[in-house]
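Now for the letters of each chain:
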Amino acid sequence: MTEETKQAPHAVTSIWPPLVLLVFAIGIFAVSMSYPPVAARFPLMVAGAMIVLTMLDIWSRTRLPGAGMIETFGGTSFRQREMMHNPSFADQAECIGWMAAAFALMAGVGILAASPLFCAAFVRLRGKRTMKVAAIVGLGVFAFQFAVFEWALDYELYRGLFFTRGGTAAW
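The model shown is predicted, which means the values in this text are computed figures rather than measured ones.

A. Structural context of a nonpolar patch on the surface. There is a patch of nonpolar side chains on the surface, built from L21, F24, I96, M99 and F103 and spanning about 410 Å² of accessible area. Elements that contribute at least two residues to the nonpolar patch include exactly α2 (16–32) and α5 (89–109). Assignment of secondary structure puts L21 in helix α2.

Right, here's the structure in full:
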């Protein structure tokens, strides 16, 4: 079977993955609206971007005008070789678990601490790299975030539930 005649698995072409992500993003957006303005900025931006991207994904799966342009520009064609894999349910659940862990870590210890920890853990555990490589990745993420946000932009990243004065009351 050649690349051109292969069909992407139904789990990939189904409308359900982007719909689930859309509902998740709308949930994040709705919950974030109740946060104080500074704490709400980042989750609102992430949720907003997720909503736009999932809407584009859904649009590209239709036959509506412009869907072909989105498919071509975004590389979302199901004929792409990257789309031919069929991940197991366990692999998909693991990905959802990693995302949930990232959100929980950000909520608990804040963005500045969570991002390097998450990236290092992902590189070590999922990427199966050495502890040295994982530490370099974590330190690199921390240095980038600190240099760009805390130092250059003078923007204090969210410090998390455990390090914000008032804890959950600050939410």
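So, next bit.
B. A look at helix α7 (residues 131–152). For α7, built from 22 residues, the straight-helix expectation of 32 Å at 1.5 Å per residue is met to within 8% by its first-to-last C-alpha distance of 30 Å. All of the buried residues in α7 are A134, G138, Q145 and E150. Buried residues along α7 sit against α6 (111–126). Where α7 terminates, the next one or two residues include D154, which has phi positive at roughly 50 degrees.

C. Seen up close, the nonpolar core. Counting five residues, the largest nonpolar core is built from A39, I111, L112, L157 and Y158. If sequence neighbours within four positions are ignored, L157 has contacts with I111, L112, Q145, F149 and E150.

D. Layout of the environment of T130. In this fold, T130 is placed in the loop between α6 and α7. T130 sits in the partly exposed class, given a relative accessible area of 45%. A polar atom in the side chain of T130 sits 3.2 Å from the backbone nitrogen of V133.

E. Local environment of the pattern of salt bridges. Per the counting criterion, the structure on display carries three salt bridges. In this structure, E156 and R159 form a salt bridge, with 3.9 Å as the shortest nitrogen-oxygen distance. One network of salt bridges, with partners in common, ties together E150, E156 and R159.

Criteria and thresholds
Residues numbered from 1 in each chain as written. Predicted model: local features only at pLDDT ≥ 70, side-chain atom pairs only at ≥ 80, totals over all residues. Heavy atoms only, no water. Patch = residues over 30% accessible without salt bridge, like charges linked within 9 Å, V, L, I, M, F, W, Y side chains within 5 Å. Areas by Shrake-Rupley, 256 points an atom, 1.4 Å probe, with all protein chains shown as cover. Salt bridge = Lys/Arg side-chain N within 4 Å of Asp/Glu carboxyl O. Helix = DSSP H or I, 4+ residues; strand = E, 2+ residues; numbered from the N terminus. Expected span 1.5 Å × (residues − 1). Buried < 20%, exposed > 50% of the residue type's maximum accessible area, 1.4 Å probe, protein only. Contact = heavy atoms within 4.5 Å. Core = buried A, V, L, I, M, F, W, Y, C linked by side-chain atoms within 4.5 Å. Polar contact = N/O pair within 3.5 Å; in protein donor to acceptor, adjacent residues only side chain to side chain.

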